[in-house]
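# Report on the structure
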Amino acid sequence: MEWLFELFHQVNYELPKFVQFLIVGLTLGSIYGLIAIGYTMVYGIIGMINFAHGDIYMIGAFQAMIVLLICGTLGISWVPLQLLLMLVVAVALTAAYGWSVERIAYRPLRGTQRLAPLISAIGMSIFLQNYVQLVQGPRPKPVEPVISGGVTVLTRADGFVAQLGYLQIVIVLLTVALMAGFTLLITRTSLGRAQRACEQDMKMASLLGVNVDRTISLTFVMGAGLAAVAGMMVTLYWGNNDFHMGFNAGIKAFTAAVLGGIGSLPGAMLGGVLIGLIEAFWSGYFTAEYKDVAAFSILVLVLIFRPTGLLGRPEVEKV
Amino acid sequence: MSAAMAAVSPAADTLLNVERLTMRFGGLIAINDVSFVAKRRQITGIIGPNGAGKTTLFNCITGFYKPTVGRLTLHGDAGHTYLLEQMDGFRIGQKARVARTFQNIRLFTGMSVLENLMVAQHNKLMLASGYTVLGLFGWPSFRRAERDARDKAVHWLEKTRLIGVADQPAGSLPYGDQRRLEIARAMCTDPIMLCLDEPAAGLNPRESADLNSLLLSIRDEFGIGLLLIEHDMSVVMGISDHIVVLDYGRKIAEGTPLDIRNDPAVIRAYLGEDGQE
Amino acid sequence: MTAVPSTSAPLVIQAAKEAAWTILVVGLLSFLMVGYQTEVLQGQQMSFVNRFGDVIWAMVLIPIGRFLLVLARGGLLLPPAVLGGIATLYLFGAAVLGLAGSPLYGQLPLPYDQPMVNAIFGVGAVFILAAAIKGQRDRRRGAQTLEMREAAEARQARIARNMSSILGPILIVLAIVIPWTPWGDRAVVDSLVLVMTYVMLGWGLNIVVGLAGLLDLGYVAFYAVGAYTYAKLSIALGFTFWESLPIAGALAALFGVLLGFPVLRLRGDYLAIVTLGFGEIIRIVLINWQSFTGGPNGLGNITRIDFFGLPFERNPAPGTESFHTFFGLEFASTHRVFFLYYVIIVLALITNFVTIRLRKMPIGRAWEALREDETACRALGINPTNTKLTAFAIGAMFAGFAGSFFAARQGFVSPESFTFIESAVILAIVVLGGMGSQVGVALAALLLIGLPEVLRDLSLYRMLVFGGVMVLIMLWRPKGLLAYREPTLLLHGRRKRNKAGVQS
Ligand SMILES: Nc1ncnc2c1ncn2[C@@H]1O[C@H](COP(=O)(O)OP(=O)(O)OP(=O)(O)O)[C@@H](O)[C@H]1O
Ligand SMILES: [Mg+2]
């Protein structure tokens, strides 16, 4: 009995830290998941890795930040209204970026060799980063916290407190709500049907009267919109935007998409949350420096044992 | 094990022995407890309606699918036997020397016709090139092997009447030529068994007759066994020595072309239940 | 673009619609990002400066451009050509004046205060001009038939082939003599060393991507392995460049095998992310493994390249000889640069030569076959994993050689030189060059690496233009600059083949 008591004590002691890492991981994971959806949708429908997606997210973050600044000068200080404005304006304007990038750099390359859109996307990514550096300056932009405070979840004897910030609640709830709405959109509407039809067989879909160009455009628009939400969240959460912030987040989100099974929407979200958790726990218990190594290593392990990712459809090639 | 093998020792001319083969895809049983024997120097026709499991059978034999249950024994030259269901896909081509063609042609479309036939002789040439190391320095034995490989390719190009287009990209050939090229490519691997998946599909009657004589000459000159999936009855009935009929994954009949033509179960399978009346 | 309208009225309406839509999109894109330029004040406060003038100009100029472009593509010649031409001359002229610092520049009415932005609009005007000419030609020629299309493609392939066979030797000769021409000053040769390094990397990656069709986004990792191998060998054990070159190549190849073994079973794009991850892992390890790699600061004091035992030092240590003392020359810093240049040319040419040989070997044909159809390869008894692994390892080996050259050139290495963007640029060189085309890769490297060197003065715009050019080349030639494939062996010889091509 003694050892059981000991164990209980140990767990009780460790629990607050664990909970804190869990909260941080879920928050990060929500952000990664929202970006990952853009990768996974685009990959599902046209089979390309949209390398510029991370930069779309960065632009989303910048636009959200600018809306917040404008709110300040216009004297809008009621936080819910600020959030709503940020959300609506950033999503709308970032969606325009998603649309334009597809229209300019990818659509003319549809149906050519497989790597052409990839290179175009890399070029676009470089272009967008430098465009933002040019128009907004190279220095990181500090954003004052809008939502602060939180509730205490657990307290440890030595005073360590596991806190659930209000902002973290907002981020996770918003993500859940978006996911729910998005799932409805994909499963219930004609747009979702058109999208799935294009995924299966683009030529056939177009013969059956699906407007393929429009469906693909809308896919990019939706992906960019979600990335903008992620950008807004990160602006509120870290509040330190710069022009190459899209790169790291993009790679992480893409890893998440592959981990969850590329092409699968729930998979993207699951992958995002997993990557977030891995990062949080690895940084918490081991070293923050190697958190990305941990994420990539787990990706490799998963792919070796489940080559199509966690929720990806197994692809048996018919010969 | 060896005693058991000896007890059921197959006839000397058995090439492939399929025993109780079953292949499941989730709930679908694509092949259900099928057994038959394919002999050397014979053309074994495999027929059946669409979706009967013919291609799946080939995929099991050539290692693309792992059978759920069953045993596939190949009796190679010099008394070697291979249990195909336990071998990796590429080793079946490399060691057991089973070659195949595909229902939807799979050539290396960007490479030239001649190159397609050279790739087919890869393993032999790899050895001759000392796994590339000696080849890089132009080792004479490699040059010789390369020349022999080229001669073999030319031989098959002549046989399939593709010699004139040897330097064109394989993808630019007309459909019938592509089908023949795929057969030539399979033959360049020096197989002891050749599996052909609907080689006459999409051919016009004249091309189809040509194909018949090509297949017969492969059987007679090279003494290898052929497995032939075909919907075109004039081809199957005309050249098969033995026919196996599949329907919904089961073997419903087996015998000479004449037996099959008169088998009521086969007629039913092909014409539906009404066939009885 | 395909259907040529009989009258121009519907075309104008269509163009106007497009232009209206463009006004909306440009407005959305630029309203916040350009209209509100954020600035960080002291004390971490932020404010912004409005630049609505720039937004308005963009909303006027870009739609006009779009309008003219639609007209041009529809086959209407004069308005787009004339307006495009005038705009080209004006904007470029202004940009030149601006760059030259002429006082006249201040007096010209121009949309933007940055000459470079105006010049970018000038490029747009050139584009319209070109589209007008092309549209007119298409219109005169009438509807394109399939045969014409095929003939055009065949012509392009022929041009690409002839270009390669002519351009290849010319480029090599040029590369060899350039240090001795009046243009071959130190700075130029220094830039060319960089270009040649990328040519070599491009040729190395071409084995993996172009021949074997494996999408490798972490190629720079092997480059890093090579560089750090030489750095460590030189610092810790006193190896010279020539001694460590083979070790660096072998170690990089080993890394290729270690990475490749578990992941080469993965299909196409999964491989891409895993290799990307591997590249990042190597970089992170280089940054964090302070004791071994020197962390973010890297490793310095690497022995510079020597002339087969003779260092390029002004004052050789007593009792030893240096390059210039041995040959009785006046000391010059160009000696080392020129020598580096010839070393990298030789290394690159070896890469090229080996690749060309390998392509004609059974292994090379198997790579290409694998790229085309892995399933068919398996049916022919080819072991896909081993075949891919060799491509991966050989590609990695050349990156390792290039890496150790890089370290010997710089004299120091740090993780900063091995970021993802390097991998992306090398991949872009391969794809832009026309996958599998050796001369194409060299041209693309010259363009992509040489361009930023030339544009060094435009500091801020350099990478912007770089990214834009990458997109534009891809749009212009989706298959790459010189896309063609020469069979590895011919039965009838080239002449017969051409004839056969015409007949069939
Ligand atoms: N990889 C797979 N996954 C799931 N089902 C499969 C797979 N391969 C084949 N099947 C199914 O197995 C059944 C038999 O297919 P198979 O291709 O063997 O038929 P077949 O006799 O070759 O028909 P056909 O004459 O049309 O070529 C079909 O119902 C098919 O859908
Ligand atoms: Mg079939």
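Residues numbered from 1 in each chain as written. Chains lettered and ligands numbered in written order. Predicted model: local features only at pLDDT ≥ 70, side-chain atom pairs only at ≥ 80, totals over all residues. Heavy atoms only, no water.

## Focus on the interface of chain A and chain C
Quick reminder of the rule: Every residue pair with non-hydrogen atoms within 4.5 Å of one another is taken to be in contact. Salt bridge, as used here: a side-chain nitrogen of Lys or Arg that lies within 4 Å of a carboxyl oxygen of Asp or Glu. Counted as a polar contact is a pair of N or O atoms within 3.5 Å, where, for protein atoms, one must be capable of donating a hydrogen and the other of accepting one, and residues adjacent in sequence contribute only when both atoms are in side chains. Runs of H or I in DSSP of at least four residues are treated as helices and runs of E of at least two as strands, each being numbered from the N terminus. Note that Gly is not counted as nonpolar here; it falls among the polar residues with everything else outside the nonpolar set of Ala, Val, Leu, Ile, Met, Phe, Trp, Tyr, Cys and Pro and the charged set of Asp, Glu, Lys and Arg.
Contacts between the two partners involve 71 residues from chain A, matched on the other side by 62 residues from chain C. Where chain A touches chain C, the interface holds zero salt bridges. The tally of links from chain A across to chain C stands at seven residue pairs in polar contact (both at pLDDT 80 or more). No other element matches helix α4 (residues 115–136) of chain A, which puts 17 residues into the side of chain A that touches chain C. Of the residues belonging to the side of chain A that touches chain C, the class tally is 48 nonpolar, 14 polar and nine charged.

## Some details on the sheet that holds strand β2 (residues 28–39) of chain B
Residues and elements named next belong to chain B. As a reminder, the rule being used: Should DSSP find at least two bridges between two strands, the strands are taken to pair. Here an axis means a line fitted to C-alpha atoms, over the contact stretch when the element is a helix, while the angle between two N-to-C directions is reported on a 0 to 180 degree scale.
The strand order across the open sheet built from four strands is β2-β1-β4-β5, with neighbouring strands paired in antiparallel fashion. On the outer flanks of this sheet lie β2 and β5 (81–83), each paired with one strand and no other. The mean inter-strand angle of the sheet, taken between neighbouring strand axes irrespective of direction, is 15°. Those strands touched by helix α2 (residues 54–61) are β1 (14–25), β2 and β4 (69–75), and its axis lies near 115° from that of β1.

## Examining the packing of α4 of chain A against helix α19 (residues 459–476) of chain C
Cut-off, in case you're wondering: For classification purposes, an angle smaller than 35 degrees is called roughly parallel, one larger than 145 roughly antiparallel, one from 65 to 115 roughly perpendicular, and anything else oblique. In this scheme the handedness of a crossing depends on how the near helix is turned from the far one: anticlockwise by less than a right angle means left-handed, clockwise means right-handed.
α19 of chain C packs onto α4 of chain A with a crossing angle of 155° between their chain directions and a minimal axis gap of 8 Å. One finds that α4 of chain A runs roughly antiparallel with respect to α19 of chain C. Classified by chirality, the crossing of α19 of chain C by α4 of chain A is left-handed. Residue-level inspection shows A116, I119, S120, I122, G123, M124, I126, F127, N130, Y131, Q133 and L134 of chain A of α4 of chain A in contact with α19 of chain C, the latter providing L460, Y461, M463, L464, F466, G467, G468, M470, V471 and M474 of chain C. Looking at the contact of α4 of chain A with α19 of chain C, its residues break down into 16 nonpolar, six polar and no charged.

## A closer look at the confidence of the model for chain B
All names here are of chain B. Convention followed: For every residue, the predictor states its confidence as a pLDDT score lying anywhere from 0 to 100.
Within chain B, residue pLDDT values average 82, and 91% of them lie at 70 or more. By mean pLDDT, the top-scoring element of chain B is helix α4 (residues 113–120) (92), and the lowest-scoring one is helix α1 (residues 2–7) (41). For the stretch residues 1–8, pLDDT sits under 50, and the model shows three contacts to residues farther than four places along the chain or on other chains. This complex was scored by the predictor with a pTM of 0.86 and an ipTM of 0.90.

## Description of the coordination of the magnesium ion (ligand 2)
Put simply, the rule reads: Distances define the donors: N, O and S atoms within 2.8 Å of the metal qualify, as do those within 3.2 Å of Na, K or Ca. Water is excluded, so some sites may look unfinished.
Around the magnesium ion (ligand 2), the protein contributes the donor atoms T55 of chain B (OG1) and Q103 of chain B (OE1), at 1.9 to 2.1 Å from the metal centre. Of this pair, T55 of chain B sits in helix α2 while Q103 of chain B sits in the loop between β6 (98–100) and α4, and the two are 48 residues apart along the sequence.

## What about the pattern of salt bridges?
In the structure shown here, the tally under the stated rule is 25 salt bridges over all chains. Between E374 of chain C and K388 of chain C there is a salt bridge, and its shortest N-O distance comes to 3.4 Å. Highlighted residues: E374 of chain C in helix α15 (residues 374–379) and K388 of chain C in helix α16 (residues 384–410), separated in sequence by 14 residues. Each of E102, R107, R110 and D213 of chain A takes part in salt bridges that share partners, so that together they form one network.

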